[in-house]
Amino acid sequence: MSRLKSAFSKSFAVDILLRQFCRQICTTETTFTRNSFDSSSEAIKLEANSSYRRMKSLHETSITDTITLNDKVKIPCFGLGVYDIDVKLTRKAVLCALETGYRQIDTAARYKNERSVGEAIRESGLKRQEVFVVTKVYHEDHGYNETRIAFEKSLKLLGVDFVDLYLIHFPVPGKVVETWKAMGELKEKGFIRSIGVSNFNIHHLEALKMHSEITPSVNQIEVHPFLQESSLVDYCKDRGIVIQAYSPLTRGQKLDNHVLRSLAYQYNRTPAQILLRWSLQKGFVCIPKSFQSERIKENSKVFDFYIEEPHMEILDSLEEGYRTGRDKILWPWNG
Ligand SMILES: NC(=O)c1ccc[n+]([C@@H]2O[C@H](COP(=O)([O-])OP(=O)(O)OC[C@H]3O[C@@H](n4cnc5c(N)ncnc54)[C@H](OP(=O)(O)O)[C@@H]3O)[C@@H](O)[C@H]2O)c1
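These numbers were taken from a predicted model, which means no experiment stands behind them. (Residues numbered from 1 in each chain as written. Predicted model: local features only at pLDDT ≥ 70, side-chain atom pairs only at ≥ 80, totals over all residues.)

A. Summary view of the site of the ligand. The full set close to the ligand counts 28 residues, and Gly 81, Tyr 83, Tyr 246, Leu 249 and Lys 289 are the nearest of them. Of all the elements, helix α12 (residues 293-300) adds the most residues to the shell around the ligand, at three residues. The class makeup of the residues in the shell around the ligand is ten nonpolar, 13 polar and five charged. (Near = placed C-beta within 6 Å. Helix = DSSP H or I, 4+ residues; strand = E, 2+ residues; numbered from the N terminus. Nonpolar A, V, L, I, M, F, W, Y, C, P; charged D, E, K, R; others polar.)

B. Examining the packing of helix α6 (residues 144-158) against helix α7 (residues 176-188) more closely. For the pair α6 and α7, the least separation of the axes is 7 Å and the interaxial angle reads 50°. Taken together, the axis directions place α6 and α7 in an arrangement best described as oblique. Once α6 is placed against α7, the crossing between them reads as right-handed. For the pair α6 and α7, the contacting residues are Tyr 144, Thr 147, Arg 148 and Phe 151 in the first and Glu 178, Thr 179, Lys 181, Ala 182, Met 183 and Leu 186 in the second. When grouped by side-chain class, the residues that make up the contact of α6 with α7 number five nonpolar, two polar and three charged. (Axes fitted to C-alpha atoms, helices over the stretch in contact; angles between N-to-C directions. Parallel < 35°, antiparallel > 145°, perpendicular 65-115°, else oblique. Left-handed = near helix turned anticlockwise from the far one by under 90°. Contact = placed C-beta atoms within 7 Å.)

C. Spatial organisation of the sheet that holds strand β3 (residues 80-81). The parallel open sheet is built from eight strands, whose spatial order is β3-β4-β5-β6-β7-β8-β9-β10. Strand pairing shows two members of the sheet lacking a second neighbour, β3 and β10 (285-286), which therefore form its edges. Bridge analysis of strand β8 (residues 218-222) against strand β9 (residues 242-246) gives five bridges, and the strand direction is parallel. Note that in β9 the partner of Ile 221 across the bridge is Ala 245. (Pairing = 2+ DSSP bridges.)

D. Focus on helix α13 (residues 309-316). Of all the residues in α13, the buried ones are His 311, Ile 314 and Leu 315. Buried residues of α13, viewed axially, fall in a sector of 100°; they line one side. Exposed residues pointing more than 90 degrees away from the buried face of α13 are listed as Glu 309 and Glu 313. (Buried ≥ 20, exposed ≤ 12 C-beta atoms within 10 Å, placed from the backbone. Arc of directions from axis to C-beta.)

E. Quick look at the confidence of the model for the chain. Taken residue by residue, the chain gives an average pLDDT of 86. The fraction at 70 or more is 82%. Ignoring residues within four places in sequence, the model shows residues 1-49, a span with pLDDT below 50, making 35 contacts including any to other chains. (pLDDT = per-residue confidence, 0-100.)

F. Quick look at the pairing of strand β7 (residues 192-198). Counted residue by residue, β7 has seven buried out of seven residues, so it is predominantly covered. Judged from the five bridges that link them, strand β6 (residues 163-168) and β7 form a sheet pairing that is parallel. Within β7, the position partnered with Val 163 by the bridge is Ile 192. In this fold, β6 hands off to α7, which returns the chain to β7; that crossover is right-handed. For β7 and β8, the ladder comprises two bridges, and the chain directions are parallel. (Right-handed = clockwise from strand over helix to strand, strands pointing away.)

Here's what the structure looks like:
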């Protein structure tokens, strides 16, 4: 598949070829299906089951679907990220997202828009419990007391009395253990429902395990077809840590990719919708950002189609270690 990808690079002719290839895969599958029906009653039963599963996955997925975390808290599988949205636009974007059906908002102290997130939630008329609020503690606030103070500030700015998920934004060396301890206590006291981490690599998670019995519920990391972080994802999966995929749209940087565009054409969707559906089908919690209402709505329309397995494999073949944000965080563990 990777040979296919590199051979099929940027020309229009290639685009056409790939579309034909994609269609061929579908046709082959359909033919197989018909044969199965013809051959035996067992095959018919199997086929019926698999169609049923597909129907179920098509009809039962919804923007309000949740994933159960390792502490039994349910997190909506889809949310709005509000990184880099200014204060006024954040209120509008969050309100639009909530009206569209989003039930999770991902903010951070660092984004400086927590107040607007809280205002929008109240303005939406939804009950507090109906919206899953995620925020994060930043570098300068690491440490036991510092984290407690930072958390209280976030609560005040958001205007809420609890946060659903509180994350360590980055594993800055020095005071991670103290920060984690404070977060654990705040969870015990009911101010936080779940605690997790972000931008942690395997060595950070391993080190944290040595110092605490609390396993993070979530690791929020950059993941999309161009950066799949397979070993980290597998590590987290094995330990019941849910992946929250940030920059699922590659910050818009790969939306012109020919393979992606061809699949979008095939499914009559936009490249952004294909990326988001890939993320959901991988089992990640997906938090695309946009401040534009049309895009907020477009991004939410990913629950009424299903990317077939061969096409998921084509998307998987796009892995190229492409990181949209900063370099991979290889900071040493130092407490
Ligand atoms: N924990 C961390 O360290 C970390 C790091 C990065 C991000 N995050 C979280 O993850 C969220 C999402 O990641 P991200 O903001 O980096 O990137 P992203 O969601 O992959 O992409 C956002 C970019 O794509 C554009 N866009 C959105 N929908 C689009 C569409 N349908 N068609 C074309 N372009 C579209 C947006 O522009 P417009 O806004 O103009 O529509 C924006 O420029 C963040 O907001 C944040 O909550 C966390």
